[in-house]
Amino acid sequence: MLRVGFIGWRGMVGSVLMQRMREEKDFAGLDPVFFSTSNVGGAAPKECADGGLLKDGADLRELARCDVLISCQGGEYTGEVYGPLRKGKWTGYWIDAASALRMSEDAVIILDPVNAEVIRSALAKNVRAYIGGNCTVSLMLMAVSGLFRAGLVEWMTTMTYQAASGAGAAKMLELVKQIGFLTDATRKTPSENALEVDRAMILEQRSPRLPVKEFGVPLAGSLIPWIAEEMPEGQTKEEWKGMAETNKIMGIDPPVPVDGICVRVGTMRCHSQGLCIKLKKDVPLADIEQILAGGNAWVRVIPNNKESTTRCLTPTAVSGTLSVPIGRIHKLKMGPKFVGAFTVGDQLLWGAAEPLRRMLGILRSHLNA
Ligand code: NAP
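Small disclaimer: the values here were computed from a predicted structure and weren't measured.

Draft legend 1. Representation of the site of the ligand. The full set close to the ligand counts 23 residues, and Arg-10, Val-13, Thr-37, Ser-38 and Ala-169 are the nearest of them. Ser-165 is positioned with one of its backbone polar atoms (N or O) 3.0 Å from a nitrogen atom of the ligand. In the complex, 77% of the free accessible area of the ligand, which totals 870 Å², lies under the protein chains. Broken down by secondary-structure element, the contributors of at least two residues to the shell around the ligand are helix H1 (12-23) and helix H12 (349-368). Class assignment of the residues belonging to the shell around the ligand gives a composition of 9 nonpolar, 13 polar and 1 charged.

Draft legend 2. View of the pattern of salt bridges. All chains considered together, the criterion is met by 21 salt bridges. The salt bridge involving Asp-26 is made with Arg-357; its shortest N-O contact spans 2.6 Å. Of the two residues, Asp-26 sits in the loop between H1 and strand S2 (30-36) while Arg-357 sits in helix H12, which places them 331 residues apart along the sequence. Look at Asp-26 and you get buried, because its relative accessible area is 14%. Arg-357 sits in the buried class, given a relative accessible area of 11%.

Draft legend 3. A look at the pairing of strand S15 (residues 338-345). Counting buried positions over the 8 residues of S15 gives 7, a clear majority of the element. Here strand S12 (residues 271-279) runs beside S15; their pairing, made up of 8 bridges, is antiparallel. Following the sheet pairing, Gly-274 is matched in S15 by Phe-342. Of the strand pairs in this sheet, strand S14 (residues 324-331) and S15 are connected by 4 bridges, and their pairing is antiparallel. Looking at S15, one finds that Lys-331 is bridged to Val-339.

Draft legend 4. Structural view of the packing of aromatic side chains. According to the stated counting rule, one finds 8 aromatic pairs in the structure shown. Their ring planes at 20° and their centres at 5.2 Å tell us that Phe-6 and Phe-34 sit as a pair that is stacked. Residue Phe-6 is found in strand S1 (residues 2-7), and its partner Phe-34 is found in strand S2; the two are separated by 28 residues along the sequence. Residue class for Phe-34 comes out buried when judged on its relative accessible area of 0%. Here the aromatic rings of Tyr-161 and Phe-342 are separated by 5.7 Å at their centres, their planes lie at 55°, and the arrangement is tilted. Separated by 181 residues along the polypeptide, Tyr-161 in strand S8 (residues 153-161) and Phe-342 in strand S15 bring together distant segments of the chain. You can call Tyr-161 partly exposed: its relative accessible area is 38%. The rings of Phe-6, Trp-9, Phe-27 and Phe-34 are connected pair by pair, giving a single aromatic cluster.

Draft legend 5. Spotlight on the pairing of S12. Across the 9 residues of S12, 9 count as buried, placing the element largely inside the fold. Where burial is concerned, the two faces of S12 agree: the one with His-271, Gln-273, Leu-275, Ile-277 and Leu-279 and the one with Ser-272, Gly-274, Cys-276 and Lys-278 are both buried. Sheet analysis places S8 next to S12, joined by 8 bridges and oriented antiparallel. The residue of S12 that forms the bridge with Tyr-161 is Ser-272.

Draft legend 6. Quick peek at the packing of H1 against H12. Interhelical geometry of H1 versus H12 gives an angle of 50° and a closest axis separation of 9 Å. The orientation of H1 relative to H12 falls into the category oblique. As for the relative orientation of H1 and H12, their crossing is right-handed in sense. Mapping the contact onto sequence places Val-13, Val-16, Leu-17, Arg-20 and Met-21 in H1 and Leu-349, Ala-352, Ala-353, Glu-354, Leu-356, Arg-357 and Leu-360 in H12. Classifying every residue of the contact of H1 with H12 by side-chain character gives 9 nonpolar, no polar and 3 charged.

Draft legend 7. View of the side chain of Ser-165. Structurally, Ser-165 is set in the loop between S8 and helix H6 (169-188). Ser-165 gets classed as buried once you look at its relative accessible area, which sits at 3%. Filtering out sequence-adjacent residues up to four positions away, Ser-165 remains in contact with Met-12, Met-172, Met-268, Arg-269, Gln-347 and Leu-348.

Draft legend 8. Looking closely at the environment of Ser-36. Checked against the element boundaries, Ser-36 lands in strand S2. The buried category is assigned to Ser-36, whose relative accessible area is 8%. Taking the C-alpha atoms as reference points, Ser-36 and Asp-56, 20 residues apart in sequence, are found 5.6 Å from one another. Each residue touching Ser-36, except ones within four places of it in the same chain, is listed here: Leu-54, Lys-55, Asp-56 and Gly-57. A distance of 2.8 Å separates the side chain of Ser-36 from the backbone nitrogen of Asn-39, its partner in a polar contact.

What counts, and where the lines are drawn
- Residues numbered from 1 in each chain as written.
- Predicted model: local features only at pLDDT ≥ 70, side-chain atom pairs only at ≥ 80, totals over all residues.
- Heavy atoms only, no water.
- Near = heavy atom within 4 Å.
- Polar contact = N/O pair within 3.5 Å; in protein donor to acceptor, adjacent residues only side chain to side chain.
- Areas by Shrake-Rupley, 256 points an atom, 1.4 Å probe, with all protein chains shown as cover.
- Helix = DSSP H or I, 4+ residues; strand = E, 2+ residues; numbered from the N terminus.
- Nonpolar A, V, L, I, M, F, W, Y, C, P; charged D, E, K, R; others polar.
- Salt bridge = Lys/Arg side-chain N within 4 Å of Asp/Glu carboxyl O.
- Buried < 20%, exposed > 50% of the residue type's maximum accessible area, 1.4 Å probe, protein only.
- Pairing = 2+ DSSP bridges.
- Phe/Tyr/Trp six-rings, centres within 6.5 Å; stacked < 30°, edge-to-face > 60°.
- Axes fitted to C-alpha atoms, helices over the stretch in contact; angles between N-to-C directions.
- Parallel < 35°, antiparallel > 145°, perpendicular 65-115°, else oblique.
- Left-handed = near helix turned anticlockwise from the far one by under 90°.
- Contact = heavy atoms within 4.5 Å.

Read these as geometric descriptors, not functional statements.
As structure tokens, this is what we get:
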């Protein structure tokens, strides 16, 4: 039986991965073992067949006993163990949610509904590292892969509205604490006067007592137009990934320019993005919608009207589902080759856990073939 080691299974991505694998009965026929970086020797999830205890995520010998390692632990962890494992001649398959290895020449970015051929060809060439893409990039490609595949995109901007859970469990919990803190304040001095409530809210948002250990600043009732490290030329790392990962996932050369501004908003789950797409030629709107709808089995074109948009194209509607709606599709005033659109997707599903569990499935079929 394939021995599969899971690291980071209790974090945001890891727990959604566990949930999806249970739903799809993916554990059947596997020998799963679970690692921890904070609770070695603690109780492992019920699927664990190996004594039921958590193994040490830093124990290279124990990790190397696995045929496949799936890490949702983060880039720092990948940096600590991946090189030493390979140096120690471990030849197993590494499947990872973190960005650390994404741009490595020995690794493939996995998003099989849009790049199954790239994955299959890598397996045939004995590539051993399969890395989930950046959540925003993966969700954008799930929505517009049809246009990329048709070779229609000259360039694209993405303006994002990214959920707190995209930054991990601790950040998500802090957002809820901030919401509670602000709501409590309005309960203390109830008022129906909106200006008074607004004044009370801003005082609390600026209060030193607001919990901001994770985000550093208030997110509830606000937003943060900066995600990840600073890069040259004014971009953040999150924005830099847009172009680098899109072109690597789709195998496009010369690369299509993709850029924009990435913003953290007070949404719990689901990343949303406003897109401006410059097409290589003028394509009728009905054809664009058809090409988008044919991109994969999960993309859903939402009619550009108020009722459908407000009902189907929000984080509240999409959270916890695998569908990736794209709507507000219309030609922009800049000219007939410019298309505006808005898309929402659950970044913990297609943006993180789902490509990992599907990669394990693809790998199992490959090994059994
Ligand atoms: P996370 O929720 O912070 O979990 C990572 C690890 O943090 C856990 O495995 C756990 O390790 C530890 N941890 C600390 N406090 C925790 C708490 N309160 N609840 C649960 N775990 C806690 O991170 P993540 O969002 O899952 O991200 C994992 C990796 O995937 C990162 O590299 C991230 O960049 C990438 N990624 C994330 C998303 C997303 O939407 N969140 C999307 C795509 C890629 P121990 O059990 O060993 O203590």
